[in-house]
Amino acid sequence: MRFAQLVVGPAGSGKSTYCSAVAQYGADMNRNIEVINLDPAAEHFDYTPLVDIRELIQVQDTMEDEELHFGPNGGLVFCIEYLLENADWLRTRLGEHEDDYILFDCPGQIELYTHLTAIKRLITLLQDWNFNVCSVFLMDVQFMTDGSKFLSGTMAALSIMVNLELPHVNILSKMDLLSKTARRRLERFLEPDSHAILGDIELNGLSAFNLKYKSLTESFGKLIEDYSLVRFIPLNLKNHENMGDLLITIDNVIQYGEDQDIKTKDFEEQEPDVFENLTNE
């Protein structure tokens, strides 16, 4: 069995920084965590990718091609489709190693995860290649500190969860950049509470738009609260303990380490004396 995090989220939400930090944390813990860059428009990141889609195709290629002549967004979609058409290229570079743990650093075009099928098809390929996959959705916490934005971000997370049909973890990134006042405001939203969200929206003043769609907003808030559909985990990459807790959560989601537990139990049952000797050394 192999394991993968599909790291998704809007542009600027900190996906590449997250991947770099998790890979470094893994190295510190003597865990081999690799990163694959799937963003054909990436210019800079702090990790050395195991595979880089830019070796196959870049957005700039599609924009400069005389026949294609795409814009940035259309070019990005074309690149992901081109990757899927050349899936053997990716599979060859991934290899066939058991217990691989890989982060897929995905592009920041949100439509890829909420509207289009390309990423869903990539997930199917990874599952066919024996990967347990979960989606990790990052949202910049600085855009989630008032009720209306928090509700909007929550609905975006829900849309991705429904479209990708994967075990899913939502993360509020860049917690270290929040002021103490903003953190206190955010705490009211972290447990699904439609009253806190709607109260904050009203406190900031109801525009004509908000008044018109107040009932719809209330319905969204109640849906999230009643069914506990979306929860966010705050992440401060500078906090080692916070990083460890998050990785444990994701490991549980993708069942990382369970195989090893089973092997250990089987070994204990079959060779109890030997196992006792090993544990007592």
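Notes on the structure in this doc start here. These figures come from a predicted structure and were not determined experimentally.

## So, the overall build of the chain
And step 1. The number of helices and strands found in the chain is 14 helices and seven strands.
And step 2. A burial count over the chain gives 44% of its 281 residues as buried.
And step 3. Restricting the contact set of the chain to residue pairs at least 6 apart, pairs at least 24 apart contribute 74%.
And step 4. Accessible area of the chain: about 15100 Å², with a carbon and sulfur share of 49%.

## Some thoughts on unusual backbone geometry
And step 1. Residues other than glycine seldom take positive phi values, yet Asn30 does so here, at roughly 60 degrees.
And step 2. Position of Asn30 relative to the elements: it lies in the loop between α1 (15–28) and β2 (34–37).
And step 3. What makes Asn30 exposed here is its relative accessible area of 76%.
And step 4. A positive phi angle is found at His69, which is not glycine, with a value near 50 degrees.
And step 5. Along the chain, the position of His69 falls in the loop between α2 (59–64) and α3 (72–85).

## A word on a nonpolar patch on the surface
And step 1. On the surface, a nonpolar cluster with roughly 380 Å² of combined accessible area is contributed by Tyr213, Leu216, Phe220, Leu223 and Leu229.
And step 2. Topologically, Leu216 is positioned in helix α11 (residues 214–227).
And step 3. For Leu216, a relative accessible area of 43% gives the class partly exposed.

## Looking at the pattern of salt bridges
And step 1. The tally for this structure, following the rule as stated, stands at nine salt bridges.
And step 2. The partner of Asp140 in a salt bridge is Lys174, with the nearest N and O atoms 3.3 Å apart. Linking Asp140 in strand β5 (residues 131–140) with Lys174 in the loop between β6 (168–173) and α8 (180–190), this pair joins segments that are 34 residues apart in sequence.
And step 3. Classification of Asp140 as buried rests on a relative accessible area of 5%.

## Some remarks on α3
And step 1. End to end, α3 covers 20 Å across 14 residues, agreeing with the expected 20 Å (1.5 Å per residue, within 8%).
And step 2. Among the residues of α3, Gly75, Leu76, Cys79, Ile80, Leu83 and Leu84 are the ones counted as buried.
And step 3. Packed against the buried residues of α3 are α2, α4 (87–94), α5 (111–114) and α6 (118–128).

## Some remarks on the nonpolar core
Note on soluble globular proteins: their nonpolar side chains tend to be buried together.
And step 1. In this structure, Leu6, Leu94, Phe104 and Phe232 are the most contacted members of the largest nonpolar core, which totals 49 residues.
And step 2. Residues in contact with Leu94, not counting those within four places in the same chain, are Arg2, Ile36, Asp100, Ile102, Phe104, Leu126, Trp129 and Phe131.

## Focus on the packing of α3 against α6
And step 1. Two elements in contact, α3 and α6, have axes whose closest approach is 10 Å; the angle formed by their N-to-C orientations is 25 degrees. As far as their axial angle goes, α6 and α3 are roughly parallel. As α3 packs across α6, the resulting crossing turns out to be left-handed. Across the interface between the two elements, Ile80, Glu81 and Leu84 from α3 touch Ala118, Ile119, Arg121, Leu122 and Leu125 from α6.
And step 2. Of the residues contributing to the contact of α3 with α6, the split by class is six nonpolar, no polar and two charged.

## Describing the pairing of β2
When a strand is regular, its side chains alternate between the sheet's two faces.
And step 1. Bridge analysis of β2 against strand β4 (residues 101–105) gives four bridges, and the strand direction is parallel. Following the sheet pairing, Asn37 is matched in β4 by Asp105.
And step 2. Bridge count between β2 and strand β3 (residues 51–52): two bridges; the pairing is parallel. For Asn37, the partnering residue across the bridge sits in β3 and is Asp52.

## Focus: the side chain of Gln5
And step 1. With respect to the helices, strands and loops of the structure, Gln5 is situated in strand β1 (residues 2–8).
And step 2. Residue class for Gln5 comes out buried when judged on its relative accessible area of 0%.
And step 3. Not counting residues up to four positions away in its chain, the partners in contact with Gln5 are Tyr18, Tyr101, Ile102, Leu103, Phe104, Cys134, Val136, Leu247 and Ile250.

## Topic: the environment of Glu111
And step 1. With respect to the secondary-structure elements, Glu111 resides in helix α5.
And step 2. Separated by 38 residues in sequence, Glu111 and Asn73 have C-alpha atoms that sit 9.6 Å apart.

## Quick look at the sheet that holds β1
And step 1. Taking strand neighbours across the sheet as the criterion, the seven strands line up as β3-β2-β4-β1-β5-β6-β7 in an open arrangement whose pairing is parallel. With partners counted over all chains shown, the strands left at the sheet margins are β3 and β7 (232–234), one partner each.
And step 2. Sheet topology note: the β1/β4 ladder contains five bridges and is parallel. What sits directly across from Leu6, in β4, is Phe104.

Reading guide: rules and limits
- Residues numbered from 1 in each chain as written.
- Predicted model: local features only at pLDDT ≥ 70, side-chain atom pairs only at ≥ 80, totals over all residues.
- Heavy atoms only, no water.
- Helix = DSSP H or I, 4+ residues; strand = E, 2+ residues; numbered from the N terminus.
- Buried < 20%, exposed > 50% of the residue type's maximum accessible area, 1.4 Å probe, protein only.
- Contact = heavy atoms within 4.5 Å.
- Areas by Shrake-Rupley, 256 points an atom, 1.4 Å probe, with all protein chains shown as cover.
- Patch = residues over 30% accessible without salt bridge, like charges linked within 9 Å, V, L, I, M, F, W, Y side chains within 5 Å.
- Salt bridge = Lys/Arg side-chain N within 4 Å of Asp/Glu carboxyl O.
- Expected span 1.5 Å × (residues − 1).
- Core = buried A, V, L, I, M, F, W, Y, C linked by side-chain atoms within 4.5 Å.
- Axes fitted to C-alpha atoms, helices over the stretch in contact; angles between N-to-C directions.
- Parallel < 35°, antiparallel > 145°, perpendicular 65-115°, else oblique.
- Left-handed = near helix turned anticlockwise from the far one by under 90°.
- Nonpolar A, V, L, I, M, F, W, Y, C, P; charged D, E, K, R; others polar.
- Pairing = 2+ DSSP bridges.

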